[in-house]
Amino acid sequence: MATAPVASASAQIAVRDLTMAYGSFVVQRNLGFEIRQGEVFVIMGDSGCGKSTLLRHMIGLQPPASGDVLSSGRSLWHAEPDEREAMMRRFGVLYQSGALWSSLTLAENVSLPMQQFTDLSPAEMRDLVALKLALVGLAGFEDFYPSEISGGMCKRAGLARAMALDPEVLFFDEPSAGLDPLSSRRLDDLILELRQSLGTTFVVVTHELASIFTIGDRAVFLDAEARTQVALGDPRQLRDSSDNPKVRAFLQRGKP
Amino acid sequence: MSVEHVALDRDGGILRIVLRGSWRRGTDTPSPAGVDAALASGVARVTFDTRELADWDTRLVSYVRTALRACEARNIPADRSALPAGVQQLLALAAAVPEKKTAVEARPAPLLARVGDRALAAVASVRSFSAFLGEVLIALGRLLTGRARFPTRDFLLITQDCGARALPIVALVSLLVGLILAFMGAIQLRTFGAQIFVADLVAIGMTHDMGAIMVGIIMAGRTGAAFAAQLGTMTVNEEIDALRTMAISPIEYLVLPRMLALVLMMPLLSLYGIVLGIVGGMLVGIGPLGLGVRQYLDHSISPLSFPMLAGGLFKGCVYGAIVACAGCMQGMRCGRSAEAVGGATTSAVVLSIVFIILACGMLTVVYDVLGI
């Protein structure tokens, strides 16, 4: 087995020569980029190009066909299962529709990882849960079940749960899908605030242009036809001066 | 090296909360209960001191937030300006949306109210069952008059699944039930030297009741549960609503094919089960009991009559309707969560089995009166 290549010191996550496939069907090949500590990194591309699949590879849910993902310079996919679990625990993930556990209240949803992995007292845990829910605008919803609140609220509660352990990296799968413009805006603000105050790194899968330009420091564009990444960099620069017409069209909403 | 994370300095009416060291996960941080206690004794103002604070995460924010709330509750002004900018930002963000005040609901209802609730729920469930049955009958009427949207292909697939695919498990269970019946009969009949009547016993027992009942219970666990889980998940995914909005009746499109398939397949499976049960009995008859094959078969067939067989197979039809009805109704009435799907599946199986036994009892009495 190859030894893990050394990543540059500031790379929180590095994707190295990654090929993703379902059986013999290759979704994307030769992906390679680095995500720096404290930046908001956007994964974009048209529907069905493998954005969410890439996310699943980066958070350790789906093994790559070839290549590797490095977290703080250590290989995620060549690590022992225990070691991988420890790495995954430093990640927080917000799934597309929240993925809250439906048999638990919001407070129980957020506190479950705390109960499993910290030795906080019940009172401290209650305060911390209240804070996380308040941060996503759900103060006072502790005792609600996911089925009793709206889809957008479920999503925000999912974010509170993803933040439960103060992860170093937060992964968002389509964060603004299903949110009203104000909630969506608030979520963007929250991302920027968390980045500034806690130094959290964000990896966001999205095609919400407003969001990409507001929060994205750098972005990678996956092309479904070329089956690889065709652009990498500051989304504002890509919009104005990418040499790939498809990327420009995407970022300019098809306007020339 | 352990640092005292918090020190509470009193200077006249001013309480200074000094925060020190690392407040990250994994470090042992203090509980904010101390602040509340300190506020109790005539504090006029609260300030923070974070000059010795190293790194922190949301634990510090949570601590400060609780402390500030304690101040608020006592109307004591607190000066936040010394807090790190990030903490102030997060506090402002947490306060941006006002807290939802939920109605107090605790307090268990009195006994009378609970009994009343249960009774009303029972009435409602009978009503809901009648409504479901009515809808199914209307759909059946539409199907018979050729006005229903009936998915023939789905119907055939479901028929295959709850017919042919169920043969192995039905064979295994029926064979063993026949075997057990024969052994139980043999113990008594042998003492009279009448072991040949084991054949009669098994044949009558399987045909009259056991064949259909065992198949009914197998199908409740196998197919009824599958119907409930499938329709329940479709309810959760709003697939049922999607059918309704296209003016396709989910009863016609989903429930009817399942019910018809099961009602048609159950008598066939029961017949298969009866035959396998007799074979199971025969294994005991020609093995430990030393009876001849010919002799055993004669004694198996002679006590059977067509009305008896038809009665047994009709029971199969009834159990099929019960299993399909319970499975589909629970699936269609399912809530919108993973837990609800589990509940729907459980109650589908429990209802099926309870009603199969009830129907068996009632039909046995009816058959007795009719002299079958």
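Residues numbered from 1 in each chain as written. Chains lettered and ligands numbered in written order. Predicted model: local features only at pLDDT ≥ 70, side-chain atom pairs only at ≥ 80, totals over all residues.

Draft legend 1. Layout of the sheet that holds strand 5 (residues 74–75) of chain A. All names here are of chain A. Taking strand neighbours across the sheet as the criterion, the four strands line up as 2-1-4-5 in an open arrangement whose pairing is antiparallel. Only two strands of the sheet have a single neighbouring strand rather than two, namely strand 2 (25–36) and strand 5. Where strand 4 (residues 66–71) meets strand 5, two bridges bridge the pair, whose relative direction is antiparallel. Residue pairing across strands places Leu70 opposite Ser75, the latter belonging to strand 5. Taken strand by strand, helix 1 (residues 51–58) contacts strand 1 (11–22), strand 2 and strand 4, and its axis lies near 120° from that of strand 1. (Pairing = 2+ DSSP bridges. Helix = DSSP H or I, 4+ residues; strand = E, 2+ residues; numbered from the N terminus. Contact = placed C-beta atoms within 7 Å. Axes fitted to C-alpha atoms, helices over the stretch in contact; angles between N-to-C directions.)

Draft legend 2. Focus on the pairing of strand 8 (residues 201–205) of chain A. All names here are of chain A. When you tally the buried positions in strand 8, you get five out of five residues, the bulk of the element. In strand 8, alternate side chains face the same way, and those of Thr201, Val203 and Val205 on one face and Phe202 and Val204 on the other are all buried. Two elements, strand 3 (residues 40–45) and strand 8, share four bridges in a ladder whose sense is parallel. Counterpart to Phe41 in the pairing with strand 8 is Val203. Sheet topology places strand 7 (residues 169–173) next to strand 8; five bridges connect them, and they run parallel. Bridge pairing links Val169 to Thr201 in strand 8. At this point the chain moves from strand 7, through helix 6 (residues 181–198), to the parallel strand 8, and the crossover so formed is right-handed. (Buried ≥ 20, exposed ≤ 12 C-beta atoms within 10 Å, placed from the backbone. Right-handed = clockwise from strand over helix to strand, strands pointing away.)

Draft legend 3. Local environment of the sheet that holds strand 2 (residues 14–19) of chain B. Residue and element names in this part refer to chain B. Within the open sheet, the four strands sit side by side as 1-2-4-6. Their pairing is mixed. Taken across any chain shown, the strands that pair with only one partner, and hence form the sheet edges, are strand 1 (6–11) and strand 6 (78–79). Pairing of strand 1 with strand 2, which is carried by six bridges, proceeds in the antiparallel orientation. Note that in strand 2 the partner of Leu8 across the bridge is Ile17.

Draft legend 4. Layout of the environment of Leu363(B). Residues and elements named next belong to chain B. Residue position: Leu363 is located in helix 12 (residues 338–370). Residue class for Leu363 comes out partly exposed when judged on the 19 C-beta atoms lying within 10 Å of it. A C-alpha to C-alpha distance of 8.9 Å links Leu363 and Gly311, two positions 52 residues apart in sequence. In this structure Leu363 touches Lys315 and Val318, once residues within four positions along its chain are discounted.

Draft legend 5. Molecular detail of the environment of Ala231(A). Residues and elements named next belong to chain A. Its location among the elements puts Ala231 in strand 10 (residues 228–233). On the neighbour-count criterion, Ala231 (22 C-beta atoms within 10 Å) is buried. Put simply, Ala231 and Arg56 are 175 residues apart on the chain and 21 Å apart in space, counted from C-alpha to C-alpha.

Draft legend 6. Summary view of the nonpolar core. Grouped together as the largest cluster of nonpolar side chains are 96 residues, with contacts concentrated most on Ile43(A), Met58(A), Leu133(A), Leu135(A), Ala160(A), Phe171(A) and Val203(A). Among the elements that make up this core, the one with the highest residue count is helix 2 (residues 58–73) of chain B (eight residues). Apart from residues no more than four positions distant in its own chain, Ile43(A) is found in contact with Lys51(A), Leu54(A), Leu55(A), Val203(A), Val204(A), Val205(A), Val220(A) and Leu222(A). The next biggest cluster of nonpolar side chains, apart from the first, holds 63 residues, and it includes Val170(B), Met210(B), Tyr296(B) and Val323(B). (Core = buried A, V, L, I, M, F, W, Y, C linked by C-beta atoms within 7 Å.)

Draft legend 7. Representation of the interface of chain B and chain A in the model. With 25 residues of chain B at the contact, the number on the chain A side is 25 residues. When residues of the side of chain B that touches chain A are traced back to their parent elements, those giving at least two are helix 2, helix 3 (85–94) and helix 12 of chain B. Partitioning the side of chain B that touches chain A into residue classes produces seven nonpolar, nine polar and nine charged. (Nonpolar A, V, L, I, M, F, W, Y, C, P; charged D, E, K, R; others polar.)

Draft legend 8. Molecular detail of helix 5 (residues 151–162) of chain A. All names here are of chain A. Across its twelve residues, helix 5 extends 16 Å between first and last C-alpha, which sits within 8% of the 16 Å expected from 1.5 Å per residue. The element helix 5 is largely enclosed, with a buried count of ten among its twelve residues. For helix 5, the complete set of buried residues consists of Met153, Cys154, Lys155, Arg156, Ala157, Gly158, Leu159, Ala160, Arg161 and Ala162. In the core, the buried residues of helix 5 are packed alongside strand 6 (91–94), helix 3 (106–117), helix 4 (122–135) and strand 7. (Expected span 1.5 Å × (residues − 1).)

Draft legend 9. A look at the packing of helix 9 (residues 250–286) of chain B against helix 10 (residues 293–301) of chain B. All names here are of chain B. Closest axis-to-axis distance for the helix 9/helix 10 pair is 10 Å, and the angle between their directions is 140°. Classed by the angle they form, the pair helix 9 and helix 10 counts as oblique. In the crossing of helix 9 with helix 10, the sense of the turn from one axis to the other is right-handed. For the pair helix 9 and helix 10, contact is made by Ile278, Met282, Gly285 and Ile286 and by Val293, Tyr296 and Ser300, respectively. The residue inventory of the contact of helix 9 with helix 10, partitioned by class, reads five nonpolar, two polar and no charged. (Parallel < 35°, antiparallel > 145°, perpendicular 65-115°, else oblique. Left-handed = near helix turned anticlockwise from the far one by under 90°.)

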